[in-house]
Amino acid sequence: MTTAVVKLQLLLVLGLATPLLAALACLLRPVRRRMWRFLGLIPLPALAAAVLIVGLIADGEVGAVRLSLDPEGLAIGLVADRAGAVLLGVAALLWAAAGVYAGPMLRDSPNRGRFTLFWLLTLTGSLGVFVTADLLSFYLTYALVSLAVFGLIAHTDTAFARRATSLYLLLAILGEIALLLAFVLLADAHPGTSLDIGSTVAALGDSPWYAITMTLLLIGFALKLALVPVHVWMPLAHTAAPFPASAILSGVAVKAGVIGLIRFLPLETGAAVGGPIWGDALLILGLTTAFYGVAMGITQDYAKTVLAYSTVSQMGLIAAATGLALRGAEPAAVSLLTLYAVHHLLAKGALFLGVGVMTEAVTGRRWPVLLMAALLGLGIAGLPLTGGAAAKLALKPLFDEAGLGLLAALSSAGSALLMLHFARLLWRSERPAVSDGAFWRLLPWWVMALAALLLPWTLLPLLGLGAPETWLAASLAPTALWKALWPLLLGVAAALALGRWGHRLPRVPAGDILVLGAPAARLAAAIGAAAEALDTQLRQWQVAGIMLLLIALLLWGAVAP
Amino acid sequence: MSQITLYGLLGSALVGLGLYGLIVSADALRKLLAFNLLGSGVFLLFGVIARRGAGAGFSGDPIPQALVITGLVVAFAATALAVGLLVRLGETAGLEDVDDAPASPRSAAPEDAPGSAGGPQ
Amino acid sequence: MSAGLMDWAGLMWMLMRALMQALVGWSDALLVALLVLPVLAMLLGFALGGRAAERIALWTLPLGLAVALAIGALVLHQGMPLEYAMGGWAPPLGVALRVDGLSAALLLTTALVITGVGLYARADFATPSGVAETRASLAFWTLLLGLWAALNAVFIGRDLFNLYVAIELLTFTAVPLVCLKGSPENLQAALRYLLFALLGSVLYLLGVALLYGAYGTLDIAQLAAAVRGSAEPAALVAVVLMTAGLLAKTALVPLHLWLPPAHAGAPAAASAVLSALVVKGSFYLIFKLWLDLLPPQYGQQIAQGLGALGALAILFGGVLAIRQTRLKMLIAYSTLAQLGYLFLVFPLVLSPVTLLAATGEGTPPAWTGGVLQLVSHAFAKASMFMGAGLIAIAMGHDRIGELGGLVRVLPVTLTAFALAGLSLMGLPPSGGFAAKWLLLRAGLETGQWWWMLVILGGGVLTGTYLYRVLAVAGFSGGESAPRPLQPVARSRELIVLGLALVSLLLGLLPLSSFEVLKIGREGDETAAVEALTQPAITGAVWP
């Protein structure tokens, strides 16, 4: 092992330890009150580690930087492979930008200590989840990023935020439970004691619980990715959360589900048992979500909610692509998916900051910000020359069938429509009366916007996908250009139609099918009331006495010779 | 019927009566009395066992007797504690007779205890 | 530098060895001290009055903790259980005491929790100079010591009648502790607790009588040897009666009538020991009866039934905890749910698959998981009840809906509450997570997926009721911090935090360290071999 690797291991640990230590330091009140100034700096060690590791991997010196403790053969540890390190890096970048953005908001907030604490906890989990190598650490960091986020959503303490938080937590806990069960099954199917994700997933093929494990993994990650029909938390949570928290939630936290799919599904070998069924299931679920997100999004009136539905739609597309990768055993699938996820992370993070900038900072000329936001939005739909074009190209080899290609193009058209709707809402949004802390809000926005435009291209060689020039040339070839442009034009046309006749669409409340949850809530209340009535009965002396005798009789009946 | 069987039956009957009283009585004092009845039944059974298990030469097995004595002390302590609580409860709440459940109107007179078994306390 | 470090380590090692050598000779005295120390302190305190009782109790805490630590170290060092026959009389005539790995762990848990409770309660039951002594103060300190003695006796006893006395002493000390306030509702709850516990203990005593009648001994090891082939019907009746009686004292749903009202009016310190320790004492005896005394084939027949009661407790207690409006009652119902997890140990440990796999190597994971659940719940729940006590002091009430702004009044306490909650929910890296991970794996390995569903469903309910508290206390209440009605000493908050941290850190111990628990688990191998000859009864349903 070279000294470079050792140094990088240390740097990686430092990158994860910094936010954790900062969170612990927040237990002291004076530190907690002042920590907000450093939110932009705390992710930087992780960013540095990611950059150096990606460089090392791209030089071909190592395949991945590993750090493993091996108590009792459990193989607890970290691994920064290509996908993990790249995601870690861009996530750290967004965290830093959002941390800077949050500064002016926190400076004036009496609750900043609390917000900072949850911010740092989420940060720890969010960075960790990309580089944890074993089931236990993955579960820990995944739980941290899933659950600590609730403190960010609940920050504003409105009735709506409370509702959003409880819904989010309920679904997050269900996801946790599905994953816990899946991990128990995974660990058990592995013949050794090792909890290493790679080796347990490799042993999954021979597991007697293959189908149930796969189902649970898909449920767990679908809840995080917000696939239909468990997407309901996403619009509510994003609408309720403050801007930097939304950027984090949509940009980074959701990607925990992507890394989960990448790490836990046998993408390089294909599904061992049941063959293409798993891929098909994920594909159908994903495509449904992709179109459903658009359909619901265009009925929304609030820019952040529209962005949330766009995230739902985009995660659907990623899930569909993963399903295809699972089916086709495409060797570069992991890198391609990573690229797409990276672009979405940057673009969506930037867009949420953009909404914030428009509503909180820009009192003067609005069009530079608006133009950039529109560019980023159309980039998500695959506008040539933007980072999104590279991301769309990355999905091409996966959607390599005629029908699927068309569906992918249509989903691009849908994205274009949705993002134009978003841009229109952004244009109409009210100007802030005063511009407060404008510089510290505008700086991260512009940094993220440029990163979203450029970084996907520069990451191409680092992900081992070839030179940017070749990709650029490929994307500008006439046929490819037409393939990229016609969905956009279709989207523009649809957006014009929406602007003209959109008022006839029904207004769907954020969280759409959530209205169907009312009977479930009534049922829960009825169960609670029934349990209470039963409790009153059981706590009668005579009833309890008779129960005691009954239990004795039943026990006797069980053991009687 | 041998003496042992008689005592055994008697002990069992006391246990049964005690259990019945303890479970159906609403009144705390009655429960306490029923508990003592139940305890006496168990002690009687200890006596039966001492008698039955008597080894050669002894008139009875001494260990159960020791256990009964200890048990009596424990039961006495329990009764004392319960009576203490009852008295305190009567004083603080100013009640004549005391129920161990949160107060609610008693539907039946104490004399009808078995009849009020199913009623709310 | 490093050489110096080596020297230090070497010196420490030598010191430890010397200490151990010295302790070995004192093992009998240590065992006796477990009982004598708190009893003597209790009597002395009682004789000398409230002011002295407090001082004596506070001095006894570190001593008792040291004794428990020394015993734990000895068991670990020797790798075998400590035994002591009182007065040199061997069973069946005499009474033997025994500390194996499990007892040592429970003794240490008890000592730590009681120490925490004692330090916490100083502020509530102190008698500063110049203030008249109160009855409540005298009662609290003497009862706390008595309760400690009773718990120690339960964990080291080997004689079923001795255990009866111990468990009665436990009840007699716990009952007055919960009614120290002396209001009518309070006294009524205590009376109800006492009477139901007495019903349970008479059933236990009846079982003791039958067992003695059948085998002429009450020593658990001797009884186990006697029933090894097959138990007489009388012995089975006896164990069933004892189990039913102990279930009443453990407050397993549906026998929980006394527990919620007892908690409602009890002082926070009393609630902490009641939930954390007292109900575990009687559970420990049930555990011993079916796992140590009777051969496993009988346990297998009731295992699914006890598991079903446990599952009922988990779900029922969880739903009711969600419905509570007072914080203290929420924690009380949460106790009912968490007790349910302990009863899942029976079907998981006694499954033929587990017994087969465990032949000759270590403890089954479900067994370790159960013990870990017991211990981590003890710490977490003690912390929660005492935290709730502080909240009630600072806010003047404990109505959950009105706890807004608590995070600015008592941030440390609320943090402790959340950390203890992590352990209850079974989220990593807590002791509760390790426990549930082991139970889940055991459920999988024995093919009993239905218990896995219950464990996970219980987690959702736990998360829901904890969220109700944390959301209100942490996020609502506007911008301005409410002023505490009464100041709360920071030291008390730190005690609450410390207990929560212990519960959390248990999850970071490597699994191999739990091998300590198996020291002195007798008859494992033989039991397993016998189980093979029995028909498989995994699917045995309640009759």
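If you're wondering where the values come from, they're calculated on a predicted model, not measured in any experiment. (Residues numbered from 1 in each chain as written. Chains lettered and ligands numbered in written order. Predicted model: local features only at pLDDT ≥ 70, side-chain atom pairs only at ≥ 80, totals over all residues.)

## Quick look at the overall build of chain B
Next, step 1: From N to C terminus, chain B includes 3 helices and 0 strands.
Next, step 2: Element order for chain B, N to C, with α for helix and β for strand: α-α-α.
Next, step 3: Taken over 121 residues, chain B has a buried fraction of 34%. (Helix = DSSP H or I, 4+ residues; strand = E, 2+ residues; numbered from the N terminus. Buried ≥ 20, exposed ≤ 12 C-beta atoms within 10 Å, placed from the backbone.)

## Here we look at the overall build of chain C
Next, step 1: Counting its regular elements, chain C contains 22 helices and 2 strands.
Next, step 2: Relative to its length of 543 residues, chain C is compact, with a C-alpha radius of gyration of 23 Å against a globular reference of 24 Å.
Next, step 3: Dimensions of chain C, computed from C-alpha atoms along their principal axes, come out at roughly 70 × 60 × 50 Å.
Next, step 4: Within chain C, the fraction of its 543 residues that count as buried is 64%.
Next, step 5: Taking as baseline every contact in chain C between residues at least 6 positions apart, the subset at least 24 positions apart corresponds to 81%. (Rg over C-alpha atoms; globule rule 2.2 N^0.38 Å. Contact = placed C-beta atoms within 7 Å.)

## Considerations on the interface of chain B and chain C
Next, step 1: Facing the 31 residues of chain B at the interface are 24 residues of chain C.
Next, step 2: Of all the elements in the fold, those that place two or more residues in the side of chain B that touches chain C are helix H1 (3–24), helix H2 (28–52) and helix H3 (62–93) of chain B.
Next, step 3: Here the side of chain B that touches chain C takes 15 residues from H3(B), the largest share from any one element.
Next, step 4: By residue class, the composition of the side of chain B that touches chain C is 22 nonpolar, 5 polar and 4 charged. (Nonpolar A, V, L, I, M, F, W, Y, C, P; charged D, E, K, R; others polar.)

## A few points about the nonpolar core
Next, step 1: Core analysis: the biggest nonpolar cluster contains 479 residues, and A:Leu94, A:Ile153, C:Val178 and C:Val273 have the highest contact counts within it.
Next, step 2: The dominant element in this core, judged by the number of residues it contributes, is helix H7 (residues 184–215) of chain C, at 23 residues.
Next, step 3: The residues touching C:Val273, leaving out its near neighbours within four places in the chain, are C:Val113, C:Ile114, C:Val117, C:Leu147 and C:Val278. (Core = buried A, V, L, I, M, F, W, Y, C linked by C-beta atoms within 7 Å.)

## Focus on the UniProt feature "transmembrane region" (unreviewed entry) in chain B
Residue and element names in this part refer to chain B.
Next, step 1: As annotated by UniProt and renumbered to match this structure, "transmembrane region" (unreviewed entry) occupies residues 6–26, 33–54 and 66–87.
Next, step 2: Secondary structure across residues 6–26 comprises 90% helix and 0% strand; the distance between its end C-alpha atoms is 31 Å.
Next, step 3: End-to-end, the C-alpha atoms of residues 66–87 are 32 Å apart, and along that stretch the chain is 100% helix and 0% strand. (UniProt positions renumbered as here; feature names shortened; annotations may be inferred.)

## Things to note about the confidence of the model for chain B
Residue and element names in this part refer to chain B.
Next, step 1: Confidence along chain B averages 78 in pLDDT terms, with 71% of residues attaining 70 or more.
Next, step 2: Across chain B, the secondary-structure element scoring lowest on mean pLDDT is H3, at 90, and the one scoring highest is H1, at 92.
Next, step 3: Taken together, the stretch residues 103–121 has pLDDT below 50 and engages in 23 contacts with residues farther than four places along the chain or on a different chain. (pLDDT = per-residue confidence, 0-100.)

## Points about the interface of chain A and chain C
Where the parts come together, the accessible area they lose is often given as the size of the interface.
Next, step 1: Taken residue by residue, the interface counts 43 residues in chain A and 49 residues in chain C.
Next, step 2: Residue assignment for the side of chain A that touches chain C shows that the elements contributing at least two residues are helix H6 (135–153), helix H7 (159–189), helix H22 (518–538) and helix H23 (541–559) of chain A.
Next, step 3: Take the side of chain A that touches chain C: its biggest share by element is 13 residues, from H23(A).
Next, step 4: Taken together, the residues of the side of chain A that touches chain C break down into 30 nonpolar, 5 polar and 8 charged.

## Structural notes on the packing of H6(A) against H7(A)
If you want to describe how two helices pack, look at the angle between their axes and the distance between the axes.
Residues and elements named next belong to chain A.
Next, step 1: Across the interface, H6 lies against H7 with an axial gap of 9 Å and an inter-helix angle of 175°. Classed by the angle they form, the pair H6 and H7 counts as roughly antiparallel.
Next, step 2: Looking at the contact of H6 with H7 residue by residue, the class counts come to 17 nonpolar, 3 polar and 1 charged. (Axes fitted to C-alpha atoms, helices over the stretch in contact; angles between N-to-C directions. Parallel < 35°, antiparallel > 145°, perpendicular 65-115°, else oblique.)

## Thoughts on the environment of C:Ala248
Next, step 1: Note on placement: C:Ala248 falls in helix H9 (residues 233–250).
Next, step 2: Remark: the alpha-carbon pair of C:Ala248 and C:Val371, spanning 123 residues in sequence, is separated by 21 Å.
Next, step 3: Those residues in contact with C:Ala248 that lie beyond four places of it in its chain are A:Leu548, C:Phe196, C:Ala197, C:Leu199, C:Gly200 and C:Leu255.

## Quick notes on unusual backbone geometry
Next, step 1: That bond from A:Val228 to A:Pro229 is cis: its omega, 5°, falls within 30 degrees of zero.
Next, step 2: Within the secondary structure layout, A:Pro229 lies in the loop between helix H9 (210–225) and helix H10 (233–240).
Next, step 3: Cis geometry is found at the peptide bond from C:Pro428 to C:Pro429, where omega equals 0°.
Next, step 4: Relative to the assigned elements, C:Pro429 resides in the loop between helix H18 (411–425) and helix H19 (431–445).
Next, step 5: For A:Ala226, which is not glycine, the phi torsion reads 65° and is therefore positive.
Next, step 6: Summarising the element assignment, A:Ala226 is placed in the loop between H9 and H10.
Next, step 7: With a phi close to 75°, A:Leu385 is a non-glycine residue in the positive phi region.
Next, step 8: Structurally, A:Leu385 can be placed in the loop between helix H16 (367–380) and helix H17 (387–395).
Next, step 9: A tally of 15 C-beta atoms within 10 Å means that A:Leu385 is categorised as partly exposed.

## Notes on the domain arrangement of chain C
Residue and element names in this part refer to chain C.
Next, step 1: Per the domain assignment, the segments of chain C are domain 1 (22–158), domain 2 (176–294) and domain 3 (296–543).
Next, step 2: One C-alpha centre belongs to domain 2, the other to domain 3, and the line joining them spans 20 Å.
Next, step 3: Every contact between the two is made by 26 residues of domain 2 and, on the other side, 28 residues of domain 3.
Next, step 4: Within the residue set of the side of domain 2 that touches domain 3, elements represented by two or more residues are helix H8 (220–226), H9, helix H10 (259–265) and helix H11 (268–293).
Next, step 5: Counting residues per element, the side of domain 2 that touches domain 3 draws most heavily on H11, at 12 residues.
Next, step 6: Tallied by class, residues from the side of domain 2 that touches domain 3 come to 20 nonpolar, 5 polar and 1 charged. (Domains from an automatic or database assignment.)

## Observations regarding the packing of H23(A) against H9(C)
Next, step 1: Relative to each other, H23(A) and H9(C) sit at 145°, their axes nearing to 9 Å. Once H23(A) is placed against H9(C), the crossing between them reads as right-handed. Here A:Leu548, A:Ile551, A:Ala552, A:Leu555, A:Trp556 and A:Val559 of H23(A) lie close against H9(C), whose contacting residues are C:Leu236, C:Val237, C:Val240, C:Leu241, C:Thr243, C:Ala244, C:Leu247 and C:Ala248. (Left-handed = near helix turned anticlockwise from the far one by under 90°.)

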